[in-house]
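# Results of the structural survey
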Amino acid sequence: MIEGLNLIAGDWEASSETAADINPSNTGDIVGQFARGDAAAVDRAAAAAKAAFPAWSRSTIQLRHDILKRIGDEILARKEELGRLLSREEGKTLAEGIGEVARAGQIFLFFSGECLRLAGEKLPSVRPSVDVEVTREPIGIVGLITPWNFPIAIPAWKIAPALAYGNCVVFKPAELVPASSHALAEIISRSGVPSGVFNLVMGKGSVVGDAILKHRDISAVSFTGSVATGRALAATAVGCDPMKKIQLEMGGKNPMIVLDDADLGIAVDCAINSAFFSTGQRCTASSRLIVTEGVHDRFVSAMTERMKKLVVDDALKDGTHIGPVIDQKQLDQDLDYLRIGRDEGADLAAGGEILNRESPGFFLSPALFTGVDNSMRIAREEIFGPVSAVIRAKDYEEALALANDTDFGLSAGICTGSLKYASHFKRNSEAGMVMVNLPTAGVDYHVPFGGRKGSSYGPREQGSYAAEFYTTVKTAYSHNLN
Ligand code: ADP
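Since this is a predicted model, take the numbers as computed values, not measurements.

### Focus: the overall build of the protein chain
- The number of helices and strands found in the protein chain is 15 helices and 23 strands.
- Relative to its length of 482 residues, the protein chain is compact, with a C-alpha radius of gyration of 23 Å against a globular reference of 23 Å.
- With respect to the principal axes defined by its C-alpha atoms, the protein chain has extents near 75 × 60 × 40 Å.
- Looking at the protein chain as a whole, 57% of its 482 residues are labelled buried.

Encoded structure:
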């Protein structure tokens, strides 16, 4: 069993309070016991980061490149072992766990390259004998607060750019999945990063997260999590003195349109993958399947046939397609929405049953509602489980209007054989990410990730666009005296 400590100022620190990390596939299996820090721990971490910042922010890009490359290389070399740990604590399948770890490694390697590509601009001034330079500088100490559904990839896509651009970090992972973050912190601590540059403070959102948010010396906070928490965080951040720069990645109610001319096999693959894989616990999951009349019945019957073959079981077992729900609270939320859907008059065409497996875990069969109206709560609110809703549309125009009729705007997909509809949808979808004949979930690591409306707030994450959040711009004027 792992005994997980906080990493503060280069030292591993115990905490008076600890919490168990429980395997959702087998609740009798305790992954480890992890420190739960407090506001004083955040204070020490911020002080260490403040002390480390002057040297780190001026360190060479070669040093930062080498450190990030070492981190990425070690993650990739250990992807099977770390993937197993991730799947054990989070419940996604082993293939998904290993894939997520590999992605975290690739992100560090991408940003090791980005260290070497930080350019500025030199421009003529509108005034005579004056030059203007626009450069990017680190913002200072950044607080990183992450959710449980991607225990290593989301931390990686915040930590890697934070360090690449010369910032110091105070990182708080989600309470339910500290083991992957702890393993990542160990790798970072051995990478040659100076003490205090990177600090891990595990603990509760209401304690550690809140202290990060309110800390005077922390200049910016990047958060991924629920809309309710994100909204509250943003309000606090602007009320702080000084005000904090903030980046929020929140929920989704992602539509996937299936048109009459779609390849039915591809459409069903895309829908099964993005609605149910990773137990539907992805902010990019397709929770609204908007299907035009001519293909509706064939699509529903192909979906329900495929759903019968999906194996829901222990995440680490060979042959499992869908692991458990993360915990009892999330399972209760999924079951609540199954009840709400039925009460609203939708038909539960398949799934939605609690399943008993060899070990005690939170197993739920993937559920598909049909006869759903876009105004129903199951079509408007994020469920964050293996539950999807089929909404019937007359034609492409109605499908597009339904897809955009949502408070969210993270990812949106269309399955069609028509270039005309595909390109119209790419232009007219009100989502930050658009997928044609691809699942709404599953994105590349070298391009921006993020959405519109209630899904995201602040600059995009990932790719070279990450610089927008993790740097601040300086405009310098100089009068040429000779
Ligand atoms: P979820 O319920 O899906 O985990 P949350 O938005 O509650 O989503 O949590 C996302 C992250 O935000 C977690 O790391 C959590 O600990 C943290 N968090 C929760 N509440 C607060 C808060 N009041 N202040 C700062 N961070 C918080």
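### Quick notes on the environment of Leu5
- Turning to its location among the elements, Leu5 is positioned in the loop between β1 (2–4) and β2 (6–8).
- Through-space distance from the C-alpha of Leu5 to that of Thr93 is 27 Å; in sequence the pair is 88 residues apart.

### Side note on the sheet that holds β1
- Taken together, three strands build an open sheet; the order of strands is β1-β5-β4 and the sheet is mixed. Two strands lie at the open edges of the sheet, namely β1 and β4 (17–22), each paired on one side alone. With strand direction ignored, the average angle separating the axes of adjacent strands in the sheet is 20°.
- Relative to strand β5 (residues 30–36), β4 runs antiparallel, the two sharing six bridges. Paired with Ala20 across the bridge in β5 is Gln33.
- Against the sheet, helix α3 (residues 79–90) contacts β1, β4 and β5, and its axis sits at roughly 85° relative to β5.

### Quick look at the site of the ligand
- Looking at the ligand, there are 16 residues lining it, with Thr146, Lys172, Glu175, Ser226 and Thr229 nearest.
- Note that an oxygen atom of the ligand is positioned 3.3 Å from one of the side-chain N or O atoms of Trp148.
- Considered on its own, the ligand offers 550 Å² of accessible surface; in the complex 76% of this is hidden by protein.
- Among the elements of the structure, α7 (205–214), β11 (218–224) and α8 (227–239) are those that each provide at least two residues to the shell around the ligand.
- Among the elements that line the shell around the ligand, the one with the most residues is α7, at three residues.
- Of the residues belonging to the shell around the ligand, the class tally is six nonpolar, seven polar and three charged.

### Concerning unusual backbone geometry
- The amide bond that connects Asp241 to the next residue, Pro242, takes the cis arrangement and shows omega of -5°.
- Note on placement: Pro242 falls in the loop between α8 and β12 (245–249).
- Non-glycine residue Ser278 carries a positive phi angle of around 55°.
- Looking at where Ser278 falls in the secondary structure, it is placed in the loop between α9 (264–276) and β14 (286–292).
- For Thr279, which is not glycine, the phi dihedral falls at a positive 60°.
- With a relative accessible area of 2%, Thr279 lands in the buried category.

### Some points on the domain arrangement of the protein chain
- What the domain assignment lists for the protein chain is domain 1 (2–250 + 455–479) and domain 2 (254–436).
- Between the C-alpha centres of domain 1 and domain 2 the distance comes to 31 Å.
- Listed per partner, the contact involves 25 residues of domain 1 and 28 residues of domain 2.
- Counting each side, the surface lost to burial between domain 1 and domain 2 is near 2,000 Å², with a carbon and sulfur contribution of 60%.
- Per-residue buried area on domain 1 facing domain 2 is highest for Ser25, Trp148 and Ser455; these three make up 26% of the total on that side.
- Applying the counting rule to domain 1 against domain 2 returns zero salt bridges.
- At the boundary of domain 1 with domain 2, the tally comes to nine residue pairs in polar contact (both at pLDDT 80 or more).
- Of all the secondary structure elements, the ones that give two or more residues to the side of domain 1 that touches domain 2 are α3 and α4 (94–114).

### Details of helix α5 (residues 153–164)
- Under the 1.5 Å per step criterion, the end-to-end length of α5 is 16 Å for twelve residues, consistent within 8% with the ideal 16 Å.
- In terms of burial, α5 is a largely internal element, twelve of the twelve residues being buried.
- Looking only at α5, the buried set comprises Ala153, Ile154, Pro155, Ala156, Trp157, Lys158, Ile159, Ala160, Pro161, Ala162, Leu163 and Ala164.
- Following α5 by one or two positions, Gly166 has its phi on the positive side, about 90°.

### Observations concerning the pairing of strand β8 (residues 141–145)
- Taking burial as the measure, the five residues of β8 include five buried ones, the bulk of the element.
- Of the two faces of β8, both are covered, the one formed by Ile141, Gly143 and Ile145 as well as the one formed by Val142 and Leu144.
- Pairing between β8 and strand β9 (residues 168–172): five bridges, direction parallel. Bridging across to β9, Leu144 finds its partner in Phe171.
- Handedness of the crossover is the feature at issue here: the chain leaves β8, passes through α5, returns alongside β9, and the resulting connection is right-handed.
- The pairing of β8 with β11 spans five bridges and is parallel. Bridge pairing in β11 links Leu144 to Ser222.

Rules used throughout
Residues numbered from 1 in each chain as written. Predicted model: local features only at pLDDT ≥ 70, side-chain atom pairs only at ≥ 80, totals over all residues. Heavy atoms only, no water. Helix = DSSP H or I, 4+ residues; strand = E, 2+ residues; numbered from the N terminus. Rg over C-alpha atoms; globule rule 2.2 N^0.38 Å. Buried < 20%, exposed > 50% of the residue type's maximum accessible area, 1.4 Å probe, protein only. Pairing = 2+ DSSP bridges. Axes fitted to C-alpha atoms, helices over the stretch in contact; angles between N-to-C directions. Contact = heavy atoms within 4.5 Å. Near = heavy atom within 4 Å. Polar contact = N/O pair within 3.5 Å; in protein donor to acceptor, adjacent residues only side chain to side chain. Areas by Shrake-Rupley, 256 points an atom, 1.4 Å probe, with all protein chains shown as cover. Nonpolar A, V, L, I, M, F, W, Y, C, P; charged D, E, K, R; others polar. Domains from an automatic or database assignment. Buried area = accessible area lost by both parts, 1.4 Å probe. Salt bridge = Lys/Arg side-chain N within 4 Å of Asp/Glu carboxyl O. Expected span 1.5 Å × (residues − 1). Right-handed = clockwise from strand over helix to strand, strands pointing away.

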